[in-house]
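Remarks on the overall topology
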Amino acid sequence: SSRTVFLLSQLEKINLDSVLGASDNARYVTSKILHLVQSQEKTRKEMTSKGSTGIEVILSTLEVKSFDFYSYGLIAVLRFIIMKCIWCGRRASVVVTKGGTQILLQLLLTASKESPPNEELMVLLHTLLAKIGPKDKKIGMKARINGALNISLNLVKQNLHNLRLVLPCLQVLRVYSTNSVNAVSLGKNGVVELLFKIIGPFSKKNTSLMKVALDTLAALLKSKTNARRAVDKGYVQVLLTIYVDWHGHDSRHRYMLIRKGVLQCIKSITNIKLGRKAFIDANGMKILYNTSQDCLAVRTLDPLVNTSSLIMRKCFPKNRLPLPTIKSAFHFQLPVIPASGPVAQLYNLPPDVDDVVDESDDNDDAETESEIETENDDDKDQHFKNDDIETDINKLKPRQELGRSIEELKMYEQFFPELSENFQEWDLVSKEPKPFVPDANLTGPIVVPTASEE
């Protein structure tokens, strides 16, 4: 404990020292701190404990020195503190509260100006940002303001076959994509097309990269602009083909999360009318129905069945009642069907025609502009609304009607006098109700006792 405190105090003095030999001393102190953090959980716990200034000293050093040769060691110290424990979420929150997100983004921007960028440093920075990103709700806005939004995207484009670098970059893009404005901006720069180059048919190689790429794509496709771009490129058919391929080869159900990731992408695309139409045109109903039937016998595949059911319910054509076709479980026969008119036109429509007008996407352009202008850091999943479900409790209550009229029920009035009689004190001599006479002993106003007097 005293050793760690001493080294941190030495590092704090180096921040204020501009002597020529301070760099050598900084290298020595950084290496010692890194060794303690790597070998002792006690040291990692001490640096993030309440009242400790260890994280503050490291972050202030990175901020003051900006980018120096011993920055690698300090970034590695943060990585070991956050990653090598079961309480990594709490420790990541400590780094966020100390302003670590802003400092790491600034370091990423500075390191990206080198040509070529240092791969080891980029891996460290992206790994840290991916870990602390979910704990910082404003990380998407901070990355866009700092100009660090497209750095990760450009690294993926330039190192598409470098798994070691692409994986943490995609994890950071997944965090950025939770912000709707960032999703639109990344979509314009071609991130949707790039991700479809990464995901592909069944392969046991790089399954972790496949999972992260699908999660990132599902987050991006929540934006209607990106969803329309995917539909225009014909990616709905591609996603269905990939899902069928994984469903056929994953006989032992080891890659259920990847299959669910593909369904999440389809679910995001079908939030728009064009996506639902493309899904039906690609025979998606039959594909998801058949694959769901195969998954019913395995309980661990219930998430796939549930997600497939939501997609099919969302994309199934809506029709007004009554339905004279097999699409309805109930058949309502009208007493009189005119030979011509709107009712006859509905009955003459083919079974697969959607006769309910879908106006959900009529104002997409206005919504797209509002996405860009309005900040929405806590973007939630857009659940499909079913307008056919009645939510008014008063309308759902059954109306109780009397079996007999009021006149017929008056014959029973004599048996229940308490419901109609006006009970008063009667004079037994005159057989008339006595008038109310106040007690003569009561004089003055009636005073009600208070709680304390009682």
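You'll find the structure just up there.
Report on the accompanying structure. Everything numeric here is computed off the predicted structure, so don't read it as measured data.

Parameters and conventions
Residues numbered from 1 in each chain as written. Predicted model: local features only at pLDDT ≥ 70, side-chain atom pairs only at ≥ 80, totals over all residues. Heavy atoms only, no water. Salt bridge = Lys/Arg side-chain N within 4 Å of Asp/Glu carboxyl O. Helix = DSSP H or I, 4+ residues; strand = E, 2+ residues; numbered from the N terminus. Buried < 20%, exposed > 50% of the residue type's maximum accessible area, 1.4 Å probe, protein only. Patch = residues over 30% accessible without salt bridge, like charges linked within 9 Å, V, L, I, M, F, W, Y side chains within 5 Å. Areas by Shrake-Rupley, 256 points an atom, 1.4 Å probe, with all protein chains shown as cover. Phe/Tyr/Trp six-rings, centres within 6.5 Å; stacked < 30°, edge-to-face > 60°. Lys NZ or Arg CZ within 6 Å of the ring centre and 35° of its normal. Contact = heavy atoms within 4.5 Å. Arc of directions from axis to C-beta.

1. Describing the pattern of salt bridges
All told, the structure shown has nine salt bridges when counted by the stated rule. For Arg164, the salt bridge goes to Glu120, with nearest N and O atoms at 2.7 Å. Of this pair, Arg164 sits in helix H11 (residues 163-176) while Glu120 is found in helix H8 (residues 119-132), placing the two residues 44 residues apart along the sequence. In this structure Glu120 comes out as partly exposed when scored by relative accessible area, which is 38%. Across the pair Arg259 and Asp250 runs a salt bridge whose closest N-O atoms are separated by 3.2 Å. With relative accessibility at 1%, the residue Arg259 sits in the buried group. Residues participating in the shared-partner salt-bridge network are Glu119, Glu120 and Arg164.

2. Some remarks on a nonpolar patch on the surface
On the surface, Leu402, Ile406, Leu409, Met411, Tyr412, Phe415, Phe416 and Leu419 cluster together into a nonpolar patch covering about 870 Å² of accessible area. Along the chain, the position of Met411 falls in the loop between helix H24 (406-409) and strand S1 (426-427). Accessibility expressed as a relative area gives 51% for Met411, which makes it exposed.

3. A look at the packing of aromatic side chains
In total, this model carries four aromatic pairs according to the counting rule given. Between the aromatic rings of Trp246 and Tyr255, the centroid separation amounts to 5.7 Å while the plane-to-plane angle is 75°, which identifies the pairing as edge-to-face. Following the ring pairs from residue to residue traces out a cluster consisting of Phe202, Trp246 and Tyr255. Arg79 extends its terminal NZ or CZ atom over the ring of Phe80, reaching a point 5.9 Å from the ring centre.

4. As for the environment of Val57
The topology assignment puts Val57 in helix H4 (residues 54-65). Remark: the alpha-carbon pair of Val57 and Ser9, spanning 48 residues in sequence, is separated by 8.4 Å. Contacts of Val57, omitting those with residues within four sequence positions, involve Leu8, Leu11, Glu12 and Asn15.

5. Section: helix H18 (residues 273-281)
All buried positions along H18 are accounted for by Gly275, Arg276 and Phe279. Projected onto a plane normal to the axis of H18, the buried residues spread over an arc of 100° and lie on a single side. Exposed and oriented more than 90 degrees from the buried face of H18 are Lys277 and Asp281. On the buried face of H18, the contacting elements are helix H15 (224-232), helix H16 (235-249), helix H17 (256-269), helix H19 (284-295) and helix H20 (302-315).

By themselves these figures say nothing about function.
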